[in-house]
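# Secondary and tertiary structure notes
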Amino acid sequence: LNTGGCSGIYDCWFESNVSSNGCGAVDSSALNIVSNTTFLLNVAKVSGPGALKTARNDHLAVYNCNFQANSSATYGGAIWLTPDKTREEWRNDLSVFSSRFEGNSSGSGYYGGAIACMENTQRSQLRALVNSVFIGNTSKIGGALYLMGPSSIANCTFVGNEATSKGGAGVA
């Protein structure tokens, strides 16, 4: 699903979607909210995250979602937050509330088993991560999280996440 004009996704289920080049389930463009939605067994074979990508001037809030067993050949088994390189004025930010990330994985040489925020600028930030659970996510660096830039994390649980190189729970 490419969300070019869609502002919200509510009460949906994305399962066993596969992309040969790009995000496995939802490639966001101007998406504002994802709520009460499950992402299960989605796969990005070449580039992009397994479940959800935000890259084009998004201010995305994720509420009460479940990300389970999604995988990426590159960054962010579940979510990849990255700035659009073509438009300097565009900003991306992500906030996640009351969500669960379990068994997600990124490629063997890449970052962020559950969430990857790939640039240390004001253009791309994980603003808030609140009341969320991370269980059994895997990656080379940042088993659950790979964050570049300032982030606020509150009341989250990290259990059994694994990185083959650095930061089982996360790298910031």
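See the structure printed just above.
Residues numbered from 1 in each chain as written. Predicted model: local features only at pLDDT ≥ 70, side-chain atom pairs only at ≥ 80, totals over all residues. Heavy atoms only, no water.

## Structural notes on the pattern of salt bridges
For the record, the criterion: Between Lys or Arg on one side and Asp or Glu on the other, a salt bridge is scored when a side-chain nitrogen of the former is within 4 Å of a carboxyl oxygen of the latter. Helical segments are the DSSP runs of H or I of at least four residues, strand segments are the runs of E of at least two, and each set is numbered from the N terminus. Exposure categories follow from relative accessible area, calculated using a 1.4 Å probe and restricted to protein chains: below 20% of the type maximum is buried, above 50% is exposed, and the middle band is partly exposed.
Enumeration according to the criterion identifies two salt bridges in this entry. The residue Asp 93 makes a salt bridge to Arg 127 at a minimum N-O spacing of 3.9 Å. With Asp 93 in strand E14 (residues 92-97) and Arg 127 in strand E17 (residues 124-130), the pair connects residues that are 34 residues apart, well separated along the chain. By relative accessible area, which is 13% here, Asp 93 ends up buried. Of the charged contacts, one joins Arg 100 and Glu 102 as a salt bridge, the two residues approaching to 3.0 Å between their closest N and O atoms. Glu 102 gets classed as partly exposed once you look at its relative accessible area, which sits at 24%.

## Details of the environment of Cys 156
Convention followed: In what follows, residue pairs with any heavy atoms lying within 4.5 Å of each other are defined as contacts.
Checked against the element boundaries, Cys 156 lands in the loop between strand E21 (152-154) and strand E22 (157-159). When residues no more than four places from it in sequence are discounted, the contact partners of Cys 156 are Leu 129, Val 130, Asn 131 and Ser 132.

## A short note on the environment of Glu 15
To keep things clear, this is the line we draw: In protein, a polar contact means a hydrogen-donor-capable atom and an acceptor-capable atom, both N or O and within 3.5 Å, with residues adjacent in sequence counting only if both atoms are side-chain atoms; elsewhere, any N or O pair within 3.5 Å suffices.
Within the fold, Glu 15 resides in strand E3 (residues 13-15). Using a relative accessible area of 38% as the deciding quantity, one classes Glu 15 as partly exposed. C-alpha separation for the pair Glu 15 and Asn 70, spaced 55 residues apart in sequence, amounts to 9.2 Å. With near-sequence residues (within four places) excluded, Glu 15 lies in contact with Leu 40, Leu 41 and Asn 42. Among the polar contacts made by the side chain of Glu 15, one reaches the side chain of Trp 13 at a distance of 2.7 Å.

Everything listed is a geometric property; what it means functionally is a separate question.
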